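If you want the building blocks of each chain, they are given just below.
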Amino acid sequence: MYSIRPMRPADQSAVEAIFEAGMRHYCDPLPAGSVLKRSWERYIQAALASDLADIQGVYFGSGGHFWCVEAQTGEICGIVGAERKSSSTIELRRMSVAAKARKAGLGLRLVTRVEDFASTHGFTEVVLSTGSIMAPAIGLYHRAGFELYEKRWAEGKFKTLLDAAGEHFFEALFRKPVVAATATSSTKHNDNDAAYGVVPVLYRNPASCNELPD
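Quantities reported herein were computed from a predicted structural model and do not represent experimental measurements. Here the residue numbering is sequential within each chain, running from 1 through the sequence in written order. Local features in this predicted model are restricted to residues whose pLDDT is 70 or higher, and side-chain atom pairs enter the listing and the counts only when it is 80 or higher, whereas totals over whole chains, interfaces and linings include all residues. Side-chain calculation: all heavy atoms of the structure are included, whereas hydrogens and water are not.

Engineer: Let's hear about the overall build of the protein chain: which residues, and what values?
Structural biologist: Per the convention used, a helix needs a DSSP run of H or I reaching at least four residues, while a strand needs a run of E reaching at least two, with both numbered from the N terminus. Each helix and strand in the protein chain was counted, giving six helices and seven strands. Shown N-terminal to C-terminal, the secondary structure of the protein chain runs as helices and strands in the order β-α-α-α-β-β-β-α-β-α-β-α-β. When a residue's accessible area, from a 1.4 Å probe over protein chains only, is under 20% of the maximum for its type it is buried; when over 50% it is exposed; and in between it is partly exposed. Here the protein chain holds 214 residues, and the buried ones make up 48% of them. Residue pairs in contact within the protein chain that sit at least 24 positions apart in sequence constitute 72% of those at least 6 positions apart. Areas reported as accessible are Shrake-Rupley estimates using a 1.4 Å probe. Residue values count occlusion only from the protein chains shown. When the accessible surface of the protein chain is summed, it comes to about 10600 Å², and 54% of that surface belongs to carbon and sulfur atoms. Contact criterion: two residues are considered in contact whenever any of their non-hydrogen atoms come within 4.5 Å of each other.

Engineer: Go over helix α1 (residues 12-27), please, and point to the residues and values.
Structural biologist: What a helix is expected to span follows from its residue count: subtract one and scale by 1.5 Å. For α1, which comprises 16 residues, the first-to-last C-alpha distance of 23 Å matches the rise-based estimate of 22 Å (1.5 Å per residue) to within 8%. Those residues of α1 not exposed but buried are V15, I18, F19, G22, M23, Y26 and C27. Buried residues along α1 cover an arc of 165 degrees about the axis, so they all sit on one side. For α1, the secondary structure elements touched by its buried residues are α2 (35-49), α3 (55-60), β2 (65-71), β3 (76-84), β4 (89-97) and α5 (135-143). This arc is built from the directions going out from the helix axis to the C-beta atoms.

Engineer: Go over the packing of α2 against helix α6 (residues 156-165) with me, naming the residues and quoting the values.
Structural biologist: Only the stretch in contact is used when a helix axis is fitted, and all axes are lines through C-alpha atoms; the angle between N-to-C directions ranges over 0 to 180 degrees. With their axes 9 Å apart at the nearest point, α2 and α6 run at an angle of 140 degrees to one another. Relative to α6, the element α2 is oriented oblique. Here V35, L36 and S39 of α2 lie close against α6, whose contacting residues are F158, L161, L162 and A165. We call Asp, Glu, Lys and Arg charged. Ala, Val, Leu, Ile, Met, Phe, Trp, Tyr, Cys and Pro are nonpolar, and the rest, Gly among them, are polar. Among the residues making up the contact of α2 with α6, the classes are represented as six nonpolar, one polar and no charged. Orientation is classified from the angle alone, with under 35 degrees giving roughly parallel, over 145 giving roughly antiparallel, 65 to 115 giving roughly perpendicular, and any other angle giving oblique.

Purely spatial values, then, with no claim about function.
The structure is reproduced here in structure tokens:
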């Protein structure tokens, strides 16, 4: 019913729409005066203006990858990125599934795709971070075997504003060791970068958008 394939340039608008809708799923129910809601809305716009505006450079160009979930109708209904952070570590980023495609196990499939990519490309660890506002995502990463190794609670001006509003926020940092691929592995994916038309470039590490702005 669903297939996972490398993102193509023609998918750009769908990728942006799925990411924004997925993130708004968590913040839109919050009241209009919510400090966390306003901060999360700024986070969404920052993500759209930074790495999601340069998927070829940030993901493919770094030695990572970016995938889309495609329905039989051809509609894009899920996304996930893998950004190379070092020769040993890759970061799972921007995972989101369209509302109509939820409850189909796609979140776990996307996580597994990133892990398989890491394994076959010589990485030894997958890391990721998410916000406490995304409780279902935190549960998914626990079920997928990731270790929650740090909680970074809000600080400074952001914490002061949250405290005044009776709200709280922390960033959850996860990691998982990669199982090395073997010659007998039966996992095969059509993840050839040529499908995207990528020309490899030197790795560069742009500023992360995973932290909420103050």
